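Structural overview
Residue strings, one per chain:
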Amino acid sequence: MPIMPLDIHNKEFSRSFRGYDEDQVNEFLDQIIKDYESLIRENKEIQNKVLTMEERLGHFANIEETLSKTIIVAQEAADEVKSNAKKEAQLILKEAEKNADRIINESLVKSRKVALEVEELKKQASIYRTRFRTLLEAQLELLSTEDWASLEAAPAEHQN
């Protein structure tokens, strides 16, 4: 067990012949007591500071651990968001490609239908042209026949 200032203060020495001057010894012991008390106080203050610093260090260690976990969670969340965005972009791209294919196919079908309609109209126009030409040729033939010549002459006879 360590010596306490009170132990030093209460210490009694036996007397001997030609011993030390009692006042000087008591003054020295008083000085030792003061210094020892001062050292004990300083030691307690240092111990309190060490405890305070250990508590702060523990607090900062907790903060560091929390920040580290937070960073890990944030990184995982960012990775998940990035992954989800990539998946969504791929889905959008696939949907757009699908729509583009559908639009192209619909356009091809309409184009073929229009091409067939154009061909049909060309055929009908050709048939119409042929029929119209035949009709005109028949009319021209009719006009160049003798029946018309007699019709032209007949009204002239009626006028006289």
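Digging into the overall build of the chain
Across its full length, the chain holds three helices and zero strands. Its helices and strands in sequence order give the chain the pattern α-α-α, from N to C terminus. Surface exposure of the chain reaches about 15,400 Å², of which carbon and sulfur atoms provide 59%. Distance between charge centres in the chain, computed from 23 positive and 32 negative side chains, equals 4 Å.

Things to note about the packing of aromatic side chains
Applying the stated criterion across every chain, the model contains one aromatic pair. Look at Tyr128 and Phe132: their rings are 5.9 Å apart centre to centre, the planes differ by 10°, and that puts the pair in the stacked class. Of the two residues, Tyr128 and Phe132 both sit in helix α2 (residues 22–144), four residues apart, roughly one turn of that helix.

Focus on the pattern of salt bridges
Enumeration according to the criterion identifies three salt bridges in this entry. Measuring nitrogen to oxygen at the nearest pair gives 3.2 Å for the salt bridge that ties Arg102 to Glu106. With Arg102 and Glu106 both in helix α2 and four residues apart, the pair spans about one turn of that helix. Residue class for Glu106 comes out partly exposed when judged on its relative accessible area of 38%. For Glu119, the salt bridge is made with Lys122, and the minimal N-O distance between the two is 4.0 Å. Here Glu119 pairs with Lys122, and both are found in helix α2, just three residues apart, close to one helical turn. By relative accessible area, which is 40% here, Glu119 ends up partly exposed. Given the relative accessible area of 53%, Lys122 is considered exposed.

With respect to the confidence of the model for the chain
Of all residues in the chain, 92% have pLDDT values of 70 or greater, and the mean over the chain is 88. Here helix α3 (residues 146–159) stands out as the least confident element of the chain, with mean pLDDT 63; α2 is the most confident, with 94.

A few points about a negative patch on the surface
Together, Asp21, Asp23, Glu27 and Asp30 make up a region of like negative charge exposed at the surface. Here Asp30 is to be found in helix α2.

Some details on the environment of Leu116
Tracing the backbone through its elements, the reader meets Leu116 in helix α2. Accessibility expressed as a relative area gives 62% for Leu116, which makes it exposed. Linking Leu116 and Arg15, residues 101 residues apart in sequence, is a C-alpha distance of 141 Å.

Some points on the environment of Ala77
Residue placement: Ala77 occurs in helix α2. As a C-alpha pair, Ala77 and Arg56 span 21 residues in sequence and 31 Å in three-dimensional space.

What counts and how
- Residues numbered from 1 in each chain as written.
- Predicted model: local features only at pLDDT ≥ 70, side-chain atom pairs only at ≥ 80, totals over all residues.
- Heavy atoms only, no water.
- Helix = DSSP H or I, 4+ residues; strand = E, 2+ residues; numbered from the N terminus.
- Areas by Shrake-Rupley, 256 points an atom, 1.4 Å probe, with all protein chains shown as cover.
- Lys, Arg positive; Asp, Glu negative; His and termini not counted.
- Charge placed at Lys NZ, Arg CZ, Asp CG, Glu CD.
- Phe/Tyr/Trp six-rings, centres within 6.5 Å; stacked < 30°, edge-to-face > 60°.
- Salt bridge = Lys/Arg side-chain N within 4 Å of Asp/Glu carboxyl O.
- Buried < 20%, exposed > 50% of the residue type's maximum accessible area, 1.4 Å probe, protein only.
- pLDDT = per-residue confidence, 0-100.
- Patch = residues over 30% accessible without salt bridge, like charges linked within 9 Å, V, L, I, M, F, W, Y side chains within 5 Å.

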